[in-house]
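Residue-level structural notes
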Amino acid sequence: MIKTIVSTELPIDEQFRIRKNVIQHGRKNGLRFCVVTGTHGDELEGQMVCYDLAHVVTEHIDALDGTLKIYPALNPLGIDTIQRGIPNFDLDMNRIFPGDPNGTMAEQTAHAIVEDIKGADMVIDIHSSNLYLRETPQVRINVQDAERLIPFAEQLGLDFVWVHDAATVLEATLAHSLNVTGTPCLVVEMGVGQRINHKMCRRLVAGILHLMQTMGMWHLAEDTELPTPIICKGDHVTFLNAETSGVFITELKCGINVKKGQVIGQIVDPLRGLILSTVTTPVDGYLFTIRAYPIVYEGSLMARIYRK
Amino acid sequence: MRKETIFELTSPCRDNFRIMGYHFGNGEKTLAIVGPMRGDEVQQQYICSQLVNRLHIIEQRNGINKGNSILIIPSCNPFSMNVSRRFWAMDSTDINRMFPGYDQGETTQRIAAAIFSALNGYKYGIQLASYYVPGDFVPHVRMLKTGYEDVETAKLFGMRYVTTYQPRPFDTTLLNFNWQLWNTKAFSIYAGHTDQIDFDDCEETIDAILRMMQRTHIISQRPLRTAYESMVIDETTLLHVKARHAGIFRRLATTNKSVVAGETLANIIDPYNGTILCDVKTTVNGVVFFSHNRPLVLQNALLFKIYTI
C-alpha cells in the first residue's frame, strides 16, 4: 500500500510528496523493517535496491511475516534535479535531522520522516557515495552504536563494516537521530553517485532479505554462505589526499588488497603533458574507497585504505 | 597597510586560488574581520572592501591606537564568486561548515584550516555572514550561545539588535563556533542582504564596525553616524510567520517596519488565476526583523520573523 508521509504545496501546481510502500503480511503486530534512501539526490543505487526488494517481497508475499516499509525518495526534488541537496536550501539534508516542526520546509520534512520511522525494529539507510568517490559495499556505524549494531551489520553480507568516530556534526544525520531514540539504523554506502551498479544492488537486496530472515520476518532467503565482512574499528583507516591539483588517472577499482608502495594512480597536467604527482599507498591494506571523478584539487580525497 | 597571501592553491584549469589578507597597525593581535566564504555574499564583499579602504586612510592619519594589529580578509572564496556559485564550485561544500579545518584533509578543509590559522589568536573576531534561509534582515550582530559569547561587547557596535541562539549540531563546524571555543570574542554581522548590495545598509554596517573598533580603543576615529541602544534578543522569542499556501509572494512589509497585530504583511497569489490565496498576517505588535525576499514561496515556508516585546 502506498502512503504519503509528507505533502506540501509547491508554488506552481505541484504537490511535494514523500511516499512509502507498506508491504505487510503475517503478524500485524510483528516486526517493522524500514529501507530508506534518496536523502542525497545524486545517490541512485538505493533506487534499484528499493525496486528489487519491493518486487521480490511482493512476488513472495507469503514469505513475509511482519511489515516492510520502503521509502525510495526522501529528497524527491534533489533526485529529480540531479543534485545532492534540496533545491534552494543550503544545508545537506542529512545534517538537519531530527528536524524541527517549526523550522524551514526542509526541517519540517526531516521531522516528519523521523516521526514516521522511529520505533521500527530495523532501518537500513542506503547511500551510494557521491559523484567523486567509488565505494566498496560497506556498512558505516558510529562508535557509540557499535556493540549493538555490528551483529546486524554482519548479516548483510557486505565486504566491509567501518566503525567511525562520533563527530558532533554527525549527530544531525538520520541514522544518529534514529539510533539515539533506540531505533537501530545501519548506514550502507556503495558504488558511486549518479550511477547504479546492478551487482552491488542485488547483493544488498540479498543481504537485506538475509537480515530479515535472521530476525524471523522472512522465510525464503536462499541458504547461501554470506561473506564475512572486515570489521574496521579504531584508527585503522589511511586517507590519501591529492598532493597537487590536476587530472587523476587510475586503472584500479576499489575492493582490492594493495601493497605498500603500490601505485594507485597519477595526477597529470593535460596542458604540459606532465605527471604532477604519483599517488601511492604508504601501507599494506584493503582499498575500499577510490576517487571516481578525475578533476582534483590539492586535498581532494583519492583513496581510503583499511590497514589490516 | 601590508598585503599578504594567506593561502594559495593551484587549479587544474583556472588561475590560482588565493586568499589575501590586509594587515593594519602593529602589536597584539586585536581584531580580525572576515568577508565572504560563499560566492553570493556580495554585500559582505563590498563592506570588506570599504573597511580596507577606510582603515588604510585611518592608518595613514595615525588613527590606529598603538599596540593594536588588525587583519581583514576581504574574501575567503573568490573562485565561487567569480562563477556565481554559492559554495565551492568543484564539490558544493561550504567552507563555513569546515572549521576548524584540517590541513591534511579535503580541499575546503584545508582552506578552512589556513583561514583559521590566520585568524587564531585575535582578541576580537568579526565575520560578515549570511543566513541559510533566503531573506532580508534588519542589520544586526548575531552570536552563538557557547558560554563564551560576549553580549556586552556586541552592544558596542551600536546596531539595532544583538541576537543570540543555541547552536545545533550542524553549527559546530562554523567559523564563529570554533573561534569562540579558541578564545576569540566572535561576532557575526548580518548586513541586511546577501546577493545584492544595499549601499545604505552597507554604510550602517561599516559605521557599526568602526564604532566597535573605536569603543574598544582599537582606533581613535569616531564614526559619522549615531549609534543605537542595542536590543538583545534570544532568537527563540521571535515570532515566526509562515506561509499557509504556496504561490507568488507579494511582500507588503519590509524589514524594520513597525507592524500591529492583524496587519497584512504579504499576499500569496495564485500563480494561475491571479487571485489572493491568502493574506499573511502578524498576530502580534512588533517590528519585522526578517522577511522572505524571493518571488515564490513554498507552503509552510518561513516568511517573517517579528520582534515583539
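Residues numbered from 1 in each chain as written. Chains lettered and ligands numbered in written order. Predicted model: local features only at pLDDT ≥ 70, side-chain atom pairs only at ≥ 80, totals over all residues.

Some thoughts on the overall build of chain A
The helix and strand tally for chain A stands at six helices and 17 strands. Here the C-alpha atoms of chain A give a radius of gyration of 20 Å, agreeing with the 19 Å that 2.2 N^0.38 yields for 308 residues. If one aligns the C-alpha atoms of chain A with their principal axes, the spans along those axes are about 65 × 50 × 35 Å. By the burial criterion, 49% of the 308 residues in chain A qualify as buried. (Helix = DSSP H or I, 4+ residues; strand = E, 2+ residues; numbered from the N terminus. Rg over C-alpha atoms; globule rule 2.2 N^0.38 Å. Buried ≥ 20, exposed ≤ 12 C-beta atoms within 10 Å, placed from the backbone.)

Examining the sheet that holds strand S4 (residues 68-73) of chain B
Backbone hydrogen bonds hold the strands of a sheet together, and the pairing may be parallel or antiparallel. Residues and elements named next belong to chain B. Reading across the sheet, the nine strands line up as S1-S2-S4-S3-S5-S9-S7-S8-S10 and stay open at both edges, with mixed pairing between neighbours. Since the sheet does not close on itself, it has two edges, and those belong to strand S1 (2-9) and strand S10 (231-234), each with one partner. Ignoring strand direction, the axes of neighbouring strands in this sheet form an average angle of 25°. Sheet topology note: the strand S2 (residues 17-25)/S4 ladder contains four bridges and is antiparallel. Opposite Gly25, over in S4, you have Ser69 as the bridge partner. Packing of helix H1 (residues 42-60) onto the sheet brings it into contact with S2, strand S3 (28-34), S4 and strand S5 (124-129), and relative to S4 it is tilted by some 150°. (Pairing = 2+ DSSP bridges. Axes fitted to C-alpha atoms, helices over the stretch in contact; angles between N-to-C directions. Contact = placed C-beta atoms within 7 Å.)

Quick look at the domain arrangement of chain A
Often, the extent of an interface is quoted as the loss of accessible area on bringing the components together. Residues and elements named next belong to chain A. Parsing chain A into structural domains produces domain 1 (2-232) and domain 2 (237-306). For domain 1 and domain 2, the distance between their C-alpha centres works out to 30 Å. The interface is formed by twelve residues belonging to domain 1 together with twelve residues belonging to domain 2. Within the residue set of the side of domain 1 that touches domain 2, elements represented by two or more residues are strand S6 (133-142) and strand S9 (230-232). If one sorts the elements of the side of domain 1 that touches domain 2 by residue count, S6 sits on top with five residues. Split by residue class, the side of domain 1 that touches domain 2 holds seven nonpolar, two polar and three charged. (Domains from an automatic or database assignment. Nonpolar A, V, L, I, M, F, W, Y, C, P; charged D, E, K, R; others polar.)

Some remarks on the domain arrangement of chain B
All names here are of chain B. In terms of domains, chain B is made up of domain 1 (2-234) and domain 2 (238-307). Computed from C-alpha atoms alone, the centre-to-centre distance between domain 1 and domain 2 is 30 Å. Listed by partner, the interface residues are seven residues for domain 1 and eleven residues for domain 2.

A short note on the packing of helix H1 (residues 45-59) of chain A against helix H6 (residues 198-214) of chain A
Residue and element names in this part refer to chain A. Where H1 meets H6, the closest approach of the two axes is 9 Å, and the angle between their N-to-C directions is 50°. Compared by their axis directions, H1 and H6 come out oblique. Taken as a pair, H1 and H6 cross one another with a handedness that is right-handed. Packed against H1, whose contacting residues are Glu45, Met48, Val49, Asp52, Leu53 and Val56, the element H6 presents His198, Met200, Cys201, Arg202, Leu204, Val205 and Ile208 at the interface. (Parallel < 35°, antiparallel > 145°, perpendicular 65-115°, else oblique. Left-handed = near helix turned anticlockwise from the far one by under 90°.)

Some points on the nonpolar core
Core analysis: the largest hydrophobic core is formed by 172 residues, its most contacted members being Val35(A), Ile208(A) and Ile209(B). No other element matches H6(A), which puts eight residues into this core. Contact partners of Ile209(B), with chain neighbours within four places excluded, come to Leu51(B), Ile126(B), Phe157(B) and Ile189(B). (Core = buried A, V, L, I, M, F, W, Y, C linked by C-beta atoms within 7 Å.)

Description of the interface of chain A and chain B
Contacts between chain A and chain B engage 31 residues on the former and 34 residues on the latter. Contributions of two or more residues to the side of chain A that touches chain B are made by strand S1 (2-10), helix H3 (105-117) and strand S11 (246-249) of chain A. In terms of residue count, S1(A) provides more of the side of chain A that touches chain B than any other element does, three residues in total. Class assignment for the residues of the side of chain A that touches chain B results in 13 nonpolar, eleven polar and seven charged.

So, the environment of His23(B)
Residue and element names in this part refer to chain B. Mapped onto the fold, His23 is located in strand S2. Sequence separation between His23 and Glu4 is 19 residues; the distance between their C-alpha atoms is 7.8 Å. Setting aside residues no more than four positions away along its own chain, His23 makes contact with Arg2, Glu4, Ser69 and Leu71.

Section: the sheet that holds strand S15 (residues 276-281) of chain B
Residues and elements named next belong to chain B. Pairing within the open sheet is antiparallel, and its four strands lie in the order S15-S14-S12-S17. Each end of this open sheet is capped by a strand with a single partner; those strands are S15 and strand S17 (296-297). By the bridge criterion, four bridges tie strand S12 (residues 247-251) to strand S14 (residues 264-269) in an arrangement that is antiparallel. Bridge pairing in S14 links Arg251 to Ala266.

Remarks on the packing of H1(B) against helix H6 (residues 199-215) of chain B
Residues and elements named next belong to chain B. Orientation of H1 relative to H6, taken along the N-to-C sense of each, is 50°, at an axis distance of 10 Å. In this view, H1 runs oblique relative to H6, as classed from their interaxial angle. Between H1 and H6 lies a crossing of right-handed hand. Here H1 contributes Gln43, Tyr46, Ile47, Gln50, Leu51 and Arg54 to the contact with H6, which in turn contributes Cys202, Thr205, Ile206, Ile209 and Leu210. Across the contact of H1 with H6, the residue classes break down as seven nonpolar, three polar and one charged.

Quick look at unusual backbone geometry
With an omega of 10°, the peptide bond between Phe97(A) and Pro98(A) qualifies as cis. Of note, the amide linkage connecting Phe99(B) to Pro100(B) takes the cis form, showing an omega dihedral of 10°. With respect to the helices, strands and loops of the structure, Pro100(B) is situated in the loop between helix H2 (78-82) and helix H3 (107-119). The phi angle at His217(B) is positive, at roughly 65°, despite the residue not being glycine.

Topic: H6(A)
Residues and elements named next belong to chain A. Here H6 contains 17 residues, and its C-alpha end-to-end distance of 24 Å stays within 8% of the 24 Å for a straight helix at 1.5 Å per residue. Within H6 the residues assigned to the buried category are Met200, Cys201, Arg203, Leu204, Val205, Gly207, Ile208, Leu209, Leu211 and Met212. Buried-residue contacts for H6 involve strand S3 (32-37), H1, strand S5 (122-127), S6, helix H4 (146-153) and strand S8 (185-191). At the exit of H6 stands Gly216, carrying a positive phi of roughly 85°. (Expected span 1.5 Å × (residues − 1).)

Here we look at the environment of Leu53(A)
All names here are of chain A. The residue Leu53 is located in helix H1 in this model. For the pair Leu53 and Ile208, spaced 155 residues apart in sequence, the C-alpha to C-alpha distance is 8.5 Å. With residues near it in sequence (within four places) discarded, Leu53 still touches Val35, Ile70, Val205 and Ile208.

Side note on H3(A)
All names here are of chain A. In a regular helix each residue adds 1.5 Å, so 13 residues correspond to 18 Å; H3 covers 18 Å between its end C-alpha atoms and thus fits that length. The complete set of buried residues in H3 reads Met105, Ala106, Glu107, Gln108, Thr109, Ala110, His111, Ile113 and Ile117. As for H3, its buried residues are in contact with S1, strand S2 (14-25), S3, S5 and helix H5 (174-179).

A word on the pairing of strand S15 (residues 285-291) of chain A
All names here are of chain A. Burial of S15 is extensive: seven of the seven residues sit out of reach of the surface. Relative to S15, S6 runs antiparallel, the two sharing three bridges. Residue Arg134 lies in a different strand from S15, and its bridge partner there is Ile290. Pairing analysis gives three bridges linking strand S12 (residues 256-258) to S15, with the strands arranged antiparallel. Among the inter-strand pairings, Val258 is bridged to a residue of S15, identified as Gly285.

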